[in-house]
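This is what each chain is made of:
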Amino acid sequence: MIGLSHYMILSGLLFSIGLIGVLRRKNLLMLFFATEIMLNAANIAFAAASHYYGDLSGQMFAFFVIAVAASEVAVGLGLLIVLYKKNGSLDLDNLTVMKG
Amino acid sequence: MENLVYIALFAPLVGSLFAALFAMTPKNLITAFVTSGLLFVSWVASSSLLMYVMDHGTISVNMMEWIAAGNLTIDFGFQVDAITAVMMVVVTTVSTVVHVYSIGYMEHDKGFNRFFSYLSAFVFSMMILVMSDNFAGLFIGWEGVGVCSWLLIGFWYHKADVSTDVNPSISPSWAANEAFIVNRIADLAMLIGIFLIYWNVGSLNYDVFFAAIPSLENSLLVSIGIALFIGAMGKSAQFPLHTWLADAMEGPTPVSALIHAATMVTAGVYLVVRANPLYAEIPNVSLFIAYLGTFVAIFAASMALVNRDLKRIIAYSTLSQLGYMFAAAGLGAYWVALFHLAAHAFFKALLFLGAGNVMHAMHDELDIFKMGGLKKAMRGTYLYMGLASLALAGIFPLAGFFSKDTILEVAFNEHTYIIWFVLWITAGLTAFYSFRQVFLTFDGDERYKKETDAHPHEVQNFVLVAMAPLAILAIIFGFFMNPFKEFATTILPAYEMSEHTHHIAWILIIVTTLIAVSGIVLAYKKYANGLVRDEKMENSFIYKLLQNQYYIPKFYMEFIAKPYKEISDILWNKVDMKVVDATVDGIAKIIYFTGDKSRKMQTGNLSDYLNWMGVGAMLLIVITALSMSLS
Amino acid sequence: MEQIAFYLFSVLTIGLFLVTVLSNNVLYAMTSLAAGMVLISGFFFLLGADFLGVVQLVVYVGAVMALYSFGMMFFDATKDIKEKNTSSYLVFFLSGMIALTLVIMFSAPIMGENIIASYPIMAGATNPQAVGLVLFTKYLVPFEVAAVMLLVAMISGIILAGKKMDDSLTTKDENHEEDDTFSRKDIK
């Protein structure tokens, strides 16, 4: 029988995969992909909790997370385009203008 | 009547603040006139209060609630009863005279305005001290006069330090600090006494405390009495806290007259007199006070015998007379102590002001061995100082005769013959050293012509006129003894001589007068016809001992001040620098070091930041997991 | 049946996402991401959250991935990405630690078994009905706020991406000037 723990562990694993992407990649587009993975991992956890506790709140949260993710992509992609026009690259190593 | 109380109290404060406005500006006579005028107003108010209290009894005024914290309530209240009224009149009389005198004395001083500001501030503090109806107010005044005394002793703070061989008090600022620090030690004990009172009685009000005395344990009363008396010892310079008074003579002479002779140093006596219901309950402590006073009387007189410094001689005589007052108070004759206090204030202030005249004429030369024959140039001062010395020596019919004789009678009456004998001897010593000083200064050959380049001249006339009230009081005050006794004993316990003492009183008077006169005669024989120095005597052990003040200052220096400094040095170099400072510096260095290292984290590369965020996230999750598993 | 589906979906999702994260080719990464999203919607269906699964499909697989695809047109997607990856030791240590901790945490019996649902799933109603009821009653205000947020995101996305359309990334062509001014007016 699949329980809440299974889903939670799956969610944790997916989140870690997303984290690998966030930490490892230097390309901003790839970073966005990794972020999407992490958001989805959270969504699974929400949906699972909602299911196993019989409470709709979890689904609601997942719903709003999706809304946020959609907005984030819209704005983020616009920013990426501007950045690409400016620098001709999406590599973070070329973006060290804030060096202290 | 309430208004009179406020006028008497606050007129000096207003004067002081007014003079303080001009503190940084060059000499301005208006400050002197305003402060002196306001003090005269205060004197008028005090005198009217004295009259009023004589007719109607004690006045109590509650100005405001001062401290109200939880259970602690201290009112800013004033109470004018017989003791306070006497003190107020004495203080305002002497200080008014001293203010006027200072106009002449400080004529050429740069800090003229500042001086008057300090002087009036002192009078204000002294008024609070004597007028307060509770120990908290008394303590405020007590500290206030301490601060003013510090400011005034160190008035010429710019004088450099010299070695003790040249000047035993090193420098005015040194002397001021000594006075302040010694008083701090005594004040600590006094504070403890006040705390004990509050702790056990729940109020600092005199009346409440005195009413509660019968219900308190004897041991507690003894500790309170001792603690308060140690405070009194500091302020009144009793042994072993006496060293500061002689050094305090570094201040301007009017200050010595007002603070270190007439008023502030008598605050200790005032305290004992004020707390008479307490000391009446603890006869052992009282007897100790009497013996200590007696000891200080002869101890200080012996030091005065050989001293060559004009002001220091008078300072030691002050010390000696304070001893008389404590002896009287300790024996239970409080009104006699108060009477001697008032009489002494008048003639001692006169003596000091006369010494100030001499000093002025001799261009700050204080060595009486370098004077002599000044009576030609300074007839008025000679008269005043002679008069004051006669009063001090206790010659009929001057003020000192009555007060001192009464103290001796009290000592005889109490069957404490040791006290009587010592005080009797001291009376002879007093007469001797007073007139040794007078004769060396004013009579004999004119040594100053050889030794110094001074051209002595009499002071301005108004100064001499200003001193006249003190001279008159020194002459006539003794005749007010019986009215004074009646007035004072409305508050203080009446002290009656036994029948036996009454009968032999005239013998005592004759005996005392005899020794005083013989002291004067001896001084006259030895010094009036010029100074003959006796090398053999001056090199004798006792002479050296006395001249070096029994080596007590040296003892304090070697065994208290120097070890203290060494300990302080060790603490500073070892503990403070190597432990405390090093710790603080270490913390700063660690922060600086870590900051310098972690600065490299700021690469500006977003990816690195993300990595750091990952580290943080990992730590948070691990900590959460651990805390969950532990809970 | 459910178990089989769960484990199958899990393995596939993890594999696809790993491809996404580790691949050097943007197209591969994006394709595998889209596939992973579809599988995640499968989880939602498994969990009985039908509406959420549909939304996941529509928004993620439809809108978001389409957006990324259009975004790709601005970048050169055919080339492999050349980047200096962070040292993998650190990355795998951190992620591994987090994964391990999370796995340990979630393997332990989950606390709060007796939680009382504040919005219980209604009996008899289908999932979309239930979601609709809760969403438009209890969560109405957040819902509207989310709508406004999406609007704002849309406008900002258009403005950001639409700016300086005249500077074509591939060909610098002066002739398009008029067109661009026209389109910019439109946007405003």
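In this text, all values refer to a predicted model and were calculated from it rather than measured experimentally.

1. Some details on the overall build of chain C
Looking only at helices and strands, one finds seven helices and zero strands in chain C. Listed N to C, the secondary structure of chain C is α-α-α-α-α-α-α in terms of helices and strands. A total of 188 residues make up chain C; the buried ones form 24% of that total. Taking the intrachain contacts of chain C between residues at least 6 apart in sequence as the baseline, contacts between residues at least 24 apart amount to 48%.

2. Concerning the overall build of chain A
In terms of regular secondary structure, chain A is built from three helices and zero strands. Going from N to C terminus, chain A has its helices and strands arranged as α-α-α. A total of 100 residues make up chain A; the buried ones form 61% of that total. Of the contacts made within chain A by residues no fewer than 6 positions apart, 44% connect residues no fewer than 24 positions apart.

3. Thoughts on the interface of chain C and chain B
Residue-level contacts link nine residues of chain C with 10 residues of chain B. Looking at the side of chain C that touches chain B, its residues break down into seven nonpolar, two polar and no charged.

4. What to know about the environment of Ala11(B)
All names here are of chain B. As for its position among the elements, Ala11 is in helix α1 (residues 2-21). Given 26 C-beta atoms within 10 Å, Ala11 falls into the buried group. Placed 27 residues apart in sequence, Ala11 and Leu38 show a C-alpha to C-alpha distance of 5.4 Å.

5. Some words on unusual backbone geometry
Residues and elements named next belong to chain B. Across the junction of Phe239 and Pro240, the peptide omega takes the value 5 degrees, indicating a cis bond. With respect to the helices and strands, the residue Pro240 is situated in the loop between α8 (218-235) and α9 (243-247). In this structure, the amide linkage connecting Phe396 to the following residue, Pro397, adopts the cis form with an omega of 5 degrees. With respect to the helices and strands, Pro397 occurs in the loop between α16 (379-393) and α17 (399-413). At Ala237, a residue that is not glycine, the phi angle is positive and equals roughly 55 degrees.

6. Here we look at helix α5 (residues 127-137) of chain C
Residues and elements named next belong to chain C. For α5, the set of buried residues is Asn127, Ala130, Val131 and Val134. End-on, the buried residues of α5 take up no more than an arc of 95 degrees, which puts them together on one face. Exposed side of α5, more than 90 degrees from the buried face: Gln129, Phe136 and Thr137 are the residues found there.

7. Section: the interface of chain C and chain A
Counting from both sides, the interface comprises 71 residues of chain C and, opposite them, 61 residues of chain A. Secondary structure elements with two or more residues in the side of chain C that touches chain A: α1 (2-22), α2 (26-46), α3 (50-72), α4 (88-107), α5 and α6 (140-162) of chain C. Here the side of chain C that touches chain A is composed, by residue class, of 50 nonpolar, 15 polar and six charged.

8. Topic: the confidence of the model for chain C
Residue and element names in this part refer to chain C. Scored by pLDDT, chain C comes out at a mean of 79, with 78% of its residues at no less than 70. The secondary structure element of chain C with the lowest average pLDDT is helix α7 (residues 177-187), at 45, and the one with the highest is α1, at 91. Contacts for the low-pLDDT stretch residues 171-188, under 50 throughout, to residues beyond four places or in other chains number nine contacts. Across the whole predicted complex the pTM is 0.68, and at the interface the ipTM reaches 0.89.

9. Quick notes on helix α18 (residues 417-442) of chain B
Structural remark: α-helix, 3.6 residues per turn; residues separated by three or four positions point the same way. All names here are of chain B. Spanning 26 residues, α18 covers 37 Å between terminal C-alpha atoms, matching the ideal 38 Å at 1.5 Å per step. Of all 26 residues in α18, 21 are buried, a share of seventy percent or more. A positive backbone phi angle near 75 degrees is found at Gly444, which sits one or two residues after α18.

10. Concerning the environment of Phe439(B)
All names here are of chain B. Of note, Phe439 is situated in helix α18. Here Phe439 falls in the buried class, since 25 other C-beta atoms lie within 10 Å of it. Taking the C-alpha atoms as reference points, Phe439 and Leu531, separated by 92 residues in sequence, lie 9.4 Å from one another. With residues up to four places along the chain from it excluded, the contact list for Phe439 reads Gly444, Ala523, Tyr524, Tyr527 and Ala528.

11. Digging into the packing of helix α4 (residues 112-131) of chain B against helix α5 (residues 135-153) of chain B
Helix packing geometry: the angle between the two helix axes and the distance between the axes. Residues and elements named next belong to chain B. Contact geometry of α4 with α5 gives a least axis separation of 7 Å together with a crossing angle of 160 degrees. In terms of orientation, α4 lies roughly antiparallel with respect to α5. Relative to α5, α4 is oriented so that their crossing is left-handed. In this structure, α4 contributes Tyr118, Ala121, Phe122, Ser125, Met126, Ile128 and Leu129 to the contact, and α5 contributes Gly137, Leu138, Ile140, Gly141, Trp142, Gly144, Val145, Cys148, Leu151 and Leu152. For the contact of α4 with α5, a count of residues per class yields 13 nonpolar, four polar and no charged.

12. With respect to the nonpolar core
Judged by nonpolar contacts, the single largest core of 204 residues is most densely connected at Phe346(B), Ala349(B), Leu350(B) and Ala474(B). Top element by residues in this core is helix α15 (residues 334-361) of chain B. It accounts for 20 residues. Those residues in contact with Leu350(B) that sit more than four places away from it in its chain are Tyr384(B), Ala388(B), Met467(B), Leu470(B), Ala471(B) and Ala474(B). One finds Leu14(A), Ala48(A), Val55(C) and Met65(C) within the second-largest nonpolar core, a separate group that totals 77 residues.

13. A few points about the pairing of strand β2 (residues 72-80) of chain B
Residues and elements named next belong to chain B. Two strands pair when backbone bridges link them, and strand β1 (residues 59-69) and β2 are joined in this way by nine bridges, in the antiparallel orientation. Paired with Ser60 across the bridge in β2 is Gln79. The antiparallel hairpin formed by β1 and β2 contains two residues in its connecting segment, where Gly70 sits at a positive phi of about 60 degrees.

The rules we used
Residues numbered from 1 in each chain as written. Chains lettered and ligands numbered in written order. Predicted model: local features only at pLDDT ≥ 70, side-chain atom pairs only at ≥ 80, totals over all residues. Helix = DSSP H or I, 4+ residues; strand = E, 2+ residues; numbered from the N terminus. Buried ≥ 20, exposed ≤ 12 C-beta atoms within 10 Å, placed from the backbone. Contact = placed C-beta atoms within 7 Å. Nonpolar A, V, L, I, M, F, W, Y, C, P; charged D, E, K, R; others polar. Arc of directions from axis to C-beta. pLDDT = per-residue confidence, 0-100. Expected span 1.5 Å × (residues − 1). Axes fitted to C-alpha atoms, helices over the stretch in contact; angles between N-to-C directions. Parallel < 35°, antiparallel > 145°, perpendicular 65-115°, else oblique. Left-handed = near helix turned anticlockwise from the far one by under 90°. Core = buried A, V, L, I, M, F, W, Y, C linked by C-beta atoms within 7 Å. Pairing = 2+ DSSP bridges.

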